Amino acid sequence: MRRQPFVAGNWKMNGSCVTNQKLVAELLESLGDSSAAAFAVCVPHPYLDQVSRLLAGSCLALGAQDVSPHESGAYTGEVAASMLLDFACRYVIVGHSERRSMHAESDALVARKFGAARAAGLVPLLCLGETLAERQAGDTLPVLFRQLQAVLDAHGVAALADAVLAYEPVWAIGTGLTAAPEQAQAVHQALRQYVAERDPGVAAGLRIVYGGSVKAGNAAQLFAQPDIDGGLIGGASLDAKEFLAICQAANI
Ligand code: 13P
């Protein structure tokens, strides 16, 4: 099955009204509507309004970086899925390793966030990834399957039909250490196989993107792998030229 490639920028906690305006203008100048791939930027919550206005009517979709598992109520500091929709978000990242590790997000909490996103009609970008210690201990796949299984237990395999998986090895994030294309492909293939054992149709259509030090210089090789359907881009998404080149590499 031909899956539409997908590239999303994860700005993390970067940007300002001034730099966002410049970055988005540069991206929109060069991103054509005719692309075979889909593109998005996941911005910090305070900038959703600004970037939503800048992107209106363009081929670049808007995403957020986190969502509350709750619908509404007394949850100070939290942002509900319905609020993200108010700003025309289409995507939301759930389970990023920075939230799992720095904010103690458990597999179960990530699964609840995934459910809240879907219930509101957002597309969850579910991040899965192993640490260096877990990889060295030979635990890469068990860790990823455990993270994924929490979502399958809570929502069933059919819930993946309108989600995107992002394999983000923790040791490759922001370190300049990219997984070798074959190394990433092996993991993506294993993840697709795990889903296929539960529902071959969902697995065939499921986009699994790679994140971790993707740059203009390594994107094409990564995206050429049969089970790598695009990327989730951190640092390089803050540089218009780099991000555009990565988008171009997915546009195959
Ligand atoms: P870098 O591209 O900066 O390594 O970050 C990857 C990432 O965490 C995307 O969500």
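It should be noted that the structure appears before, not after, this text.
Definitions and cut-offs
- Residues numbered from 1 in each chain as written.
- Predicted model: local features only at pLDDT ≥ 70, side-chain atom pairs only at ≥ 80, totals over all residues.
- Heavy atoms only, no water.
- Phe/Tyr/Trp six-rings, centres within 6.5 Å; stacked < 30°, edge-to-face > 60°.
- Helix = DSSP H or I, 4+ residues; strand = E, 2+ residues; numbered from the N terminus.
- Lys NZ or Arg CZ within 6 Å of the ring centre and 35° of its normal.
- Near = heavy atom within 4 Å.
- Polar contact = N/O pair within 3.5 Å; in protein donor to acceptor, adjacent residues only side chain to side chain.
- Nonpolar A, V, L, I, M, F, W, Y, C, P; charged D, E, K, R; others polar.
- 1 Å grid on protein atoms, 1.4 Å probe; cavity = no way out; pocket = protein on both sides within 12 Å on 5 of 7 lines; lining within 4 Å.
- Points joined across faces, edges and corners; volume = space filled by probe spheres on them.
- Buried < 20%, exposed > 50% of the residue type's maximum accessible area, 1.4 Å probe, protein only.
- Contact = heavy atoms within 4.5 Å.

### Focus: the packing of aromatic side chains
Any two aromatic rings considered together are summarised by their centre-to-centre distance and by the angle between their planes.
Part 1 of the argument: Applying the stated criterion to the full structure yields 3 aromatic pairs.
Part 2 of the argument: For the pair Phe6 and Tyr91, a centre-to-centre distance of 4.7 Å together with 35° between the ring planes defines the contact as tilted. One end of the pair, Phe6, is in strand 1 (residues 6–10); the other, Tyr91, is in strand 4 (residues 91–94), with 85 residues separating them in the sequence.
Part 3 of the argument: Sitting above the plane of the Tyr194 ring, Arg198 keeps its charged end 3.7 Å from the centroid.

### What about the site of the ligand?
Part 1 of the argument: Within the structure, the ligand sits among Asn10, Lys12, His96, Glu168, Ala172, Ile173, Gly174, Gly212, Ser213, Leu232, Gly234 and Gly235.
Part 2 of the argument: Gly174 is positioned with one of its backbone polar atoms (N or O) 2.6 Å from an oxygen atom of the ligand.
Part 3 of the argument: Ser213 has a polar backbone atom sitting 2.8 Å from an oxygen atom of the ligand.
Part 4 of the argument: Considered class by class, the residues forming the shell around the ligand number 3 nonpolar, 7 polar and 2 charged.

### Remarks on the layout of surface pockets
Part 1 of the argument: In this structure, the largest pocket encloses a volume near 460 Å³.
Part 2 of the argument: Around the largest pocket, the lining comprises 19 residues; the ones closest to its centre are Met13, Gln65, Asp66, Arg99 and His103.
Part 3 of the argument: Top element by residues in the lining of the largest pocket is helix 4 (residues 97–102). It accounts for 3 residues.
Part 4 of the argument: Tallied by class, residues from the lining of the largest pocket come to 7 nonpolar, 7 polar and 5 charged.

### Brief notes about the environment of Tyr47
Part 1 of the argument: For Tyr47, the location among the structural elements is in the loop between strand 2 (38–43) and helix 2 (48–55).
Part 2 of the argument: Take Tyr47: its relative accessible area is 19%, and that puts it in the buried class.
Part 3 of the argument: Sequence separation of Tyr47 and Gly15 is 32 residues, and the distance between their C-alpha atoms is 8.6 Å.
Part 4 of the argument: Not counting the four nearest positions on each side in its chain, Tyr47 is found in contact with Gly15, Ser16, Cys17 and Asn20.
Part 5 of the argument: Only 3.5 Å separates the side chain of Tyr47 from the backbone oxygen of Gly15, close enough to count as a polar contact.

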